[in-house]
Each structure stands twice: as structure tokens, then as C-alpha cells.
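Residue-level listing of the chains:
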Amino acid sequence: MVEERDETATDTSAEGDAVADPLAWETRGGEIEYTCPGFDVRRDDVTLPDGTETDFHYLTEPPSVVLLPFTVDGDVVVIEEWRQAVGRVNFGLPAGGFEGEESPVEAARRELAEETGYEAAAFEELGTFEPANGLLDSTFHYFVARGCEPTAEQALDHNESIRVGTASFADLRDRALAGELRDGRSALAVLQYALRTE
């Protein structure tokens, strides 16, 4: 099925008139070429600034949340999770995609509980970032969760293998600075928080 998209980027002049950005590609149409749990592969038919007509493939997926959850004692709730794409256990922070029409904070609350069994007393926005916008259209909403306490069992998806623990924020910061916190989503959360608070 062909889907039309009009995503030519525009700037706004001082007078408020829309002006096309000379770097913008014109999207003439496109379609989802492959669907699987978690993401789709989309092909867009595009015209480049020099007039060349070609196509561009990328992953499209729902937005996600990434959580920096502090316990009532000041430690951070962390997870270890098998990641098939890199063939190893990944150490990092809880994260996951939106379900249905959730707001970012609703998704944050649900993902924290499902992945870790913890619930938070409060959530603070840390920022919104596009993790790899040359390859996928995903948006990550980052939250600091405060007053986290274990209140229930994990409720993992069928393809999640997760072990929950805690770490000091100083340890996470040091790992991120040393390049030892390989999970990019987690490293960004830790370093953003460190820059804003230390």
C-alpha cells in the first residue's frame, strides 16, 4: 500500500512565511515493506535537492522512554538484559516503547514497573532525543524517577530476559565517562543528569 507523506522541511522567515530548506528532500510516497514485533521497515520515494529521484529505507517504531530511577536510599535501579543484536548481556537503565495512546509519563510508569517491579513516587522530565535519526525515526523520552520502591513482581514481555539490581550514581557516571556503559540510551541519561546536577 502506498502512503503519501508531505515532509518537506521548512524554515519560517522573519515575516512568518514558510521557506523551504534547500537541504530538504521531497517525499513523494512510500510504503511499509516489512513488519515485525517492535518496528517496521519503511521505504520512502524521495526527490533529492539536485532533482535526483531515489528511495530511502529506515526503521520506524513507536516512541520510547528511558528511566533513571533513584531508590528512596539514593541508589539507581539498573537492569541486565540479553541483547541478541550484539550477542551479550547489556548493563543499563530500564527502557521501552509506548503502548497504545499512552503519554510519556504513563509509559515511563508502566515500563519501570514491568521491567523492574519498582514504582516511583514522582517523575521528572530529563529531555527528548532522537537516538539514531539517520537509521530510524524513534524518539526517546528521558525521565528521572524518584522515590522508587519494589512493590511487585516483574511483568516481562515474552522476549525479555532481565535481571534487576542497583548501583550508585557515581558508579554509573564513572562507567559512562570511561566508555564502559555501552548502552547509548543509558549513557546519555547518566551524562545528562550529571551535567545538570554536579
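Scroll up for the structure.
Residues numbered from 1 in each chain as written. Predicted model: local features only at pLDDT ≥ 70, side-chain atom pairs only at ≥ 80, totals over all residues. Heavy atoms only, no water.

Think of two packed helices as two axes; the pair is described by the angle between the axes and how far apart they sit. As a packed pair, helix α2 (residues 169–177) and helix α3 (residues 184–197) sit with axes 9 Å apart at the nearest point and diverge in direction by 110°. Here α2 lies roughly perpendicular to α3, going by the angle between them. For the pair α2 and α3, the crossing hand works out as left-handed. Where α2 approaches α3, its residues Phe-169, Leu-172, Arg-173, Ala-176 and Leu-177 are matched on the opposing element by Ala-187, Val-190, Leu-191, Tyr-193 and Ala-194. Here the contact of α2 with α3 is composed, by residue class, of nine nonpolar, no polar and one charged. (Axes fitted to C-alpha atoms, helices over the stretch in contact; angles between N-to-C directions. Helix = DSSP H or I, 4+ residues; strand = E, 2+ residues; numbered from the N terminus. Parallel < 35°, antiparallel > 145°, perpendicular 65-115°, else oblique. Left-handed = near helix turned anticlockwise from the far one by under 90°. Contact = heavy atoms within 4.5 Å. Nonpolar A, V, L, I, M, F, W, Y, C, P; charged D, E, K, R; others polar.)

Turning our eyes to something else, we now look at the sheet that holds strand β3 (residues 26–36). Reading across from one edge, β3-β4-β5 is the order of the three strands in this open sheet, with antiparallel pairing throughout. Across the chains shown, the open sheet's two edge strands, defined by having one partner strand only, are β3 and β5 (53–60). Here the average twist between neighbouring strands, direction ignored, is 20°. Two elements, β3 and strand β4 (residues 39–47), share nine bridges in a ladder whose sense is antiparallel. Bridging across to β4, Thr-35 finds its partner in Asp-40. (Pairing = 2+ DSSP bridges.)

In this section: the pairing of strand β6 (residues 64–71). For β6, the buried fraction is high: eight of the eight residues fall into the buried class. When β6 meets strand β12 (residues 140–150), the two strands line up parallel, connected through seven bridges. Bridge assignment links Ser-64 to a residue of β12, and that residue is Phe-140. (Buried < 20%, exposed > 50% of the residue type's maximum accessible area, 1.4 Å probe, protein only.)

This paragraph deals with the nonpolar core. Leu-68, Val-76, Leu-93, Phe-169, Leu-172 and Val-190 are the most contacted members of the largest nonpolar core, which has 22 residues in total. Elements supplying a minimum of two residues to this core: β6, β7 (76–83), β12, α2 and α3. Element by element, the count of residues in this core is highest for α3, at five residues. Val-77, Ala-108, Leu-112 and Phe-123 belong to the second-largest nonpolar core, a separate cluster that totals 12 residues. (Core = buried A, V, L, I, M, F, W, Y, C linked by side-chain atoms within 4.5 Å.)

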